[in-house]
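# Report on the structure
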Amino acid sequence: AGVFFDLIYAMATNSSDAAVTVDLRAATAAGIATSIRVPANGTAGVSLAVPLPQDIAADTWTVDIPDITGTTVTISALFSREV
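This text gives an overview of the structure that appears in the document. (Residues numbered from 1 in each chain as written. Predicted model: local features only at pLDDT ≥ 70, side-chain atom pairs only at ≥ 80, totals over all residues. Heavy atoms only, no water.)

### Some thoughts on a nonpolar patch on the surface
On the surface, V63, I65 and I75 cluster together into a nonpolar patch covering about 200 Å² of accessible area. If you trace the backbone, I75 turns up in strand β6 (residues 73-81). The exposure class of I75 is partly exposed, given its relative accessible area of 33%. (Patch = residues over 30% accessible without salt bridge, like charges linked within 9 Å, V, L, I, M, F, W, Y side chains within 5 Å. Areas by Shrake-Rupley, 256 points an atom, 1.4 Å probe, with all protein chains shown as cover. Salt bridge = Lys/Arg side-chain N within 4 Å of Asp/Glu carboxyl O. Helix = DSSP H or I, 4+ residues; strand = E, 2+ residues; numbered from the N terminus. Buried < 20%, exposed > 50% of the residue type's maximum accessible area, 1.4 Å probe, protein only.)

The following block contains the structure:
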């Protein structure tokens, strides 16, 4: 309880023939913290000079993408734990 994880880096790959927008949220059902537009059959990411803070402690970062049949989007991310 009381632990915050701040986003430092996020990358997404998209295996479909349509571009997708990946929304990252600092907590389940929270507002969008940032978005990444991933091109068709491509890769995109963000590397933040200043970490994006998690505003709700002891919750999980979530990813939201549109429901596109036949699409596989893979996400990787790096976080720092606030102490």
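### Digging into the pattern of salt bridges
Summed over the entire model, instances satisfying the criterion amount to 1 salt bridge. The residue R25 makes a salt bridge to D64 at a minimum N-O spacing of 3.2 Å. Highlighted residues: R25 in strand β2 (residues 20-25) and D64 in strand β5 (residues 62-64), separated in sequence by 39 residues. The partly exposed category is assigned to D64, whose relative accessible area is 36%.

### Quick notes on the environment of V63
Residue position: V63 is located in strand β5. Separated by 38 residues in sequence, V63 and R25 have C-alpha atoms that sit 6.3 Å apart. Sequence-distant contacts of V63, that is, excluding residues within four places in its chain, are made with V22, D23, L24 and I75. (Contact = heavy atoms within 4.5 Å.)

### Here we look at the side chain of D23
Along the chain, D23 falls in strand β2. Despite being buried, D23 has no salt bridge partner; R25 is the closest side chain of opposite charge, sitting 4.4 Å away. (Lys, Arg positive; Asp, Glu negative; His and termini not counted.)

### Topic: the sheet that holds β5
Pairing is antiparallel across the open sheet formed by 3 strands, whose spatial order is β3-β2-β5. Edge positions in the sheet fall to β3 (32-38) and β5, since each of these pairs with one other strand and no more. Taken pair by pair, the neighbouring strands of this sheet meet at an average axis angle of 25°, ignoring direction. Judged from the 6 bridges that link them, β2 and β3 form a sheet pairing that is antiparallel. Directly across from R25, in β3, lies its bridge partner I32. (Pairing = 2+ DSSP bridges. Axes fitted to C-alpha atoms, helices over the stretch in contact; angles between N-to-C directions.)

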